[in-house]
Amino acid sequence: MENNFILLILIPLVTAFLLPIIELVNTKIRKAFILLSASGELLLGIIIFISNYNLIKTSELYIEYNLGAWSSFLGIALVLDNLSLFFSILLVISMFLIIVYSIGFIGHQEGKYYVLLFLLLAAMQGAVLTNDIFNLYVFIELITITSTALISFNRNRESAEASFKYLLYGVIGGLFFFIGIFLLYYTTGSLNMGLIFSEYQDINQNIQIAVMILFLTSIFIKVGLFPFHYWLPKAHSTSTGPVSALLSGILLKVFICIFLRLFWQVFSYELLVDMGLAELIIYIGLFSSIIGHLLAFREDDIKRMLAFSTLGHIGMIVAVLALNTASGLLGGLMHTISHLLMKSTLFLTVGYLLQYTEGSHHLADFNGIAYKNKGIFVSFILAALGMVGIPPLPGFFSKWYIVDAFIQSGYNWAALLILLLGLISLFYYLRYIIRGYNQVEAERIVKPVKETSVLSVFYRERVVTLAVYVFTTLMLTAGLFFWWYKKPLLIIANLITG
Amino acid sequence: MIYNIVFILLFLLGLYAILTNRNLVKIIIGVNIMESAVFFWVIAVNSREGVLPILEKGSEIIQVANPLPQALILTGVVIGASTTAFLLTLLIEIDKFANNINLDFLKGLRD
Amino acid sequence: MGLPGLIRKNKREILVAIILLILGFFLLIVFNSVPEQRVVLDSTAGQIIDSGVEKTGSPNLVTAILYDYRAFDSLGESTVIYAAVSSIALILSFKTLPISSQGLSFISKRTFSLVTPFVFIFGFYIITHGHLSPGGGFQGGVILAAISIIFCIIYGSAYDYENVSPGSKTLLETGGALLFVFLGILGIIVGGNFFSNFGISPAQSGTLFSSGNILLINLGIGVKVGAGLAIIFYTMIQKTYLEE
């Protein structure tokens, strides 16, 4: 069982293929089937983690699975090492919770929504686990198409425009990736990432630079850093609740994993440093961070504000990863976990609270929301404070390590910048928290806030709140017990930087 | 050498079409031109004297064209066609809501 | 208006053109350094050419790579088509009854009633002979989709709706996809890894029923791609008719 980690990709794939048939037969068992499949995937992920635990501690985990029983020279290979196992576990746990949330939240067109959701899960797992660069391209394109369809799930005008823009950027990014793959193949003669690594030093200097710039551009387009960030605010804010959490929290982290794998395990990072590109990445990351936080400050629409905040944090993660020190990678990976948990919680709670404002995103309509559902609003407050960086929430510890990494590498001004931006984010989150408790204003507005949520249909409200509470608990656990996962992350960081 | 120039010309033409056009259909056509340029280049780099990679008994290896890029291009073409179909569908959806597919009038795409 | 007027009007286009020309110059330097391609024996392609026919049983090496060495990529690619079909059906779904045109003139209808069966046979020929001559699942599947497109255009989409209903198209597509994954899983059960070629029919290579898995995979993919593209066309044309 422990070598069959291909089942991590196969289970969601087969589920997505079987769902239309189940819908033709009997629609009532659909929810049970989805839940069964999601729990199966979660169980499989946990079993694989536990059965390889000793290997993880000694940082010797490297299991290769050759598809079709061809050697990795001739065919495609999947690899399970520390980096891919880490992201795979993150994916499995967070996607399970989002599927549970969607079961309660999504009311229309459910059949196709779950098909696309499971295809997205399979594609993300495939992108994280593969060791072949063309296979990575196919999975990235699958991620792009399914996430575009999920963005346009709300059938209104803004979603259509947002998904068109997102797909256009995504296709162009994929095209640059494609050119890079073929430049690599025609000069090294192989498509396996391990074999490319061993041949990479010997090729022409011009081609080395060109390939790195092509892949860097492609990843920056997909992650949404400056100057390709124009799709980000619209796409993340016009999609429905769970889809926004999925895109903003989980999808961007998969591309961070691809960034790590490409630039540390295929091209050795020292080459980047020699050519000055590493400095460029740090500046682009920090500049995106500045843009993200400042533009979030001026936003009235809550979901757009959260999307710009994502831009800010992802820019920070990319900048600190580009430092190429063990503490830099530790800070980046830690912030990956904490940002995933906190941003998902934020988007899920906002998705729920928007039921009360009848879908309006404006600040003025949030009056008195806190009194409608105290528990969910407390989760919102905790997640928001975590994003700012207040102990004992996980955001504080990860920001601490990031600032520490910047100071250790001599970028004191960057550390100061990050603390300043954290202060700015405090302001724009505080606005919403204060508004929520604004009971006096609530009685004077003309449009009344709804008394009960739309979701109080039998079990749906409870399922949604359950998912939110589990996320909040995970977030608090991650904050209070951060030393549990600090050591494994340090092992991964040391492994990557060699 | 000549195919490099053709590839770069077509690729930059497609990129120019994407960056400067106002009409969304022309932008999609520009994406298609870029993709076709890349597929053309990949096959053209490989163009030596070679027979089809369908082997009769006992052909020499030197005379056979490289089958690996051809298989990868097949995958690329299929993915390109799927994304073009999807882009056109989104265009139909935008047209339904806005009655216009010119970027100047679609405020939503400029923000 | 003279040249200064033209420049002022098209300032943005000229700026973009200049930047792209500089970029093109750098790209030219890079692409000229790509070395001359020669197939050597110990590269990946050389090994495939050398021993491909014995190991997979299919003389067509491109098909051997697509469905045996790199069958996982073909699974990903057919999943991309499946995702695109699902997304288009999601976005363009409609709740009213289908309406259709009358089709083209009597001469076209008569001619195509003679031609269509041959197109069908030709499509199946390309699918099943994928390992013997150029062709395969994807190529043949597109030809099969052309039959549904012929029905829609020449006979009106009501004819297409009655004869090959969207429900049966969905069933065909999902069936093709499941056949493909099932063959892969059989590979695990038989004892190899996912997608091991386990020689269902070990006849002499060069005949139709050789090369094990590849024939069945071709059938699965051909049916799936054909059904998928037919669904896309039918959905888009319904949307167009609805607007009139």
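Residues numbered from 1 in each chain as written. Chains lettered and ligands numbered in written order. Predicted model: local features only at pLDDT ≥ 70, side-chain atom pairs only at ≥ 80, totals over all residues.

### A short note on the overall build of chain B
Filter applied, for reference: Numbering goes from the N terminus for both helices and strands, where a helix is a DSSP run of H or I of at least four residues and a strand is a run of E of at least two. Whether a residue is buried, exposed or partly exposed is read from the other C-beta atoms within 10 Å of its own C-beta, which are placed from the backbone; 20 or more gives buried, 12 or fewer gives exposed, and intermediate counts give partly exposed. Residues are treated as contacting if the C-beta atoms built from their backbones sit within 7 Å of each other.
A count of helices and strands for chain B gives four helices and zero strands. Listing each helix as α and each strand as β along chain B from the N terminus yields α-α-α-α. Counting over 111 residues, chain B shows a buried share of 39%. Summarising the internal contacts of chain B: among those between residues at least 6 apart in sequence, 43% fall at separations of at least 24.

### Describing the overall build of chain C
Helix and strand counts for chain C stand at 10 helices and zero strands. Starting at the N terminus, the α and β elements of chain C follow one another as α-α-α-α-α-α-α-α-α-α. When burial is assessed residue by residue, chain C has 43% of its 244 residues classed as buried. Long-range contacts, defined as pairs at least 24 residues apart, comprise 70% of the intrachain contacts of chain C with a sequence gap of at least 6.

### Details of the interface of chain C and chain A
Residue-level contacts link 39 residues of chain C with 41 residues of chain A. Among the secondary structure elements, those contributing two or more residues to the side of chain C that touches chain A are α2 (11-32), α3 (44-56), α4 (61-69), α5 (71-91) and α9 (166-190) of chain C.

### Some words on the confidence of the model for chain B
Operational definition: For every residue, the predictor assigns a confidence score, pLDDT, that lies between 0 and 100.
On average, residues of chain B carry a pLDDT of 83, and 77% of them reach 70 or more. For chain B, the element scoring lowest by mean pLDDT is helix α4 (residues 107-110) of chain B, at 56; helix α2 (residues 24-45) of chain B scores highest, at 92.

### Some remarks on the environment of A:V92
Residue and element names in this part refer to chain A. Here V92 is to be found in helix α4 (residues 82-105). Taking the number of C-beta atoms within 10 Å as the measure of exposure, V92 has 23 and is therefore buried. For the pair V92 and I46, spaced 46 residues apart in sequence, the C-alpha separation works out to 8.9 Å. Setting aside chain neighbours within four positions, we find V92 in contact with E41, L42 and G45.

### Digging into the interface of chain C and chain B
Inclusion rule: Amino acid classes used here: Ala, Val, Leu, Ile, Met, Phe, Trp, Tyr, Cys and Pro are nonpolar; Asp, Glu, Lys and Arg are charged; the rest, including Gly, are polar.
With 41 residues of chain C at the interface, the matching set in chain B holds 32 residues. At the level of elements, α2, α3, α4, α5 and α10 (213-243) of chain C are the ones that each hand at least two residues to the side of chain C that touches chain B. Broken down by element, the residue count for the side of chain C that touches chain B peaks at 10 residues, all from α2(C). Looking at the side of chain C that touches chain B residue by residue, the classes come out as 26 nonpolar, eight polar and seven charged.

### Observations regarding the environment of C:G76
Residues and elements named next belong to chain C. The residue G76 is located in helix α5 in this model. Assessed through the 27 C-beta atoms surrounding it within 10 Å, G76 is described here as buried. Sequence separation of G76 and L132 is 56 residues, and the distance between their C-alpha atoms is 24 Å.

### Here we look at the packing of α4(A) against helix α5 (residues 110-129) of chain A
Two numbers describe a pair of packed helices, the interaxial angle and the distance between the axes. Residue and element names in this part refer to chain A. Put simply, the test is: Helix axes are fitted to C-alpha atoms over the stretch in contact, other axes to C-alpha atoms as well, and angles between N-to-C directions run from 0 to 180 degrees. These descriptions rest on fixed angle ranges, namely under 35 degrees for roughly parallel, over 145 for roughly antiparallel, 65 to 115 for roughly perpendicular, and the rest for oblique.
Interhelical geometry of α4 versus α5 gives an angle of 170 degrees and a closest axis separation of 9 Å. Judged on the interaxial angle alone, α5 and α4 are roughly antiparallel. From α4, S84, F87, S88, L91, M95, I99 and S102 reach across to α5, where they touch L117, L121, M124, Q125, V128 and L129. Of the residues that constitute the contact of α4 with α5, the class distribution is nine nonpolar, four polar and no charged.

### Things to note about the pairing of strand β2 (residues 77-81) of chain A
For β2(A), the buried fraction is high: five of the five residues fall into the buried class. Taking every second residue as pointing to the same face, both faces of β2(A) are buried, with A:A77, A:V79 and A:D81 on one and A:L78 and A:L80 on the other.

### Observations regarding the confidence of the model for chain C
In low-pLDDT segments, the atomic positions of the prediction should not be examined closely. When pLDDT is averaged along chain C, the result is 81, and 85% of the positions lie at 70 or above. Interface confidence for the predicted complex, expressed as ipTM, amounts to 0.92; the pTM equals 0.93.

### A look at unusual backbone geometry
All names here are of chain A. In the segment running from F226 into P227, the intervening peptide bond is cis, with an omega of -5 degrees. Position of P227 relative to the elements: it lies in the loop between α9 (205-223) and α10 (232-237). In this chain, P391 is followed by P392 through a cis amide linkage whose omega measures 0 degrees. Note on placement: P392 falls in the loop between α16 (374-388) and α17 (394-408). The phi torsion at N324 lies on the positive side, around 60 degrees, for a residue other than glycine.

### Section: helix α1 (residues 2-20) of chain B
Applied cut-off: In a helix, the anticipated span is given by 1.5 Å times the number of residues less one. The arc in question is traced by the directions running from the helix axis to the C-beta atoms.
Given a rise of 1.5 Å per residue, 19 residues ought to cover 27 Å, and the 27 Å separating the end C-alpha atoms of α1(B) matches this to within 8%. Buried within α1(B) are the following residues: B:F7, B:I8, B:F11, B:L12, B:G14 and B:L15. Here the buried residues of α1(B) occupy an arc of 155 degrees about the axis, which is enough to place them on one side. Against the buried residues of α1(B) lie α2 of chain B together with α2 of chain C.

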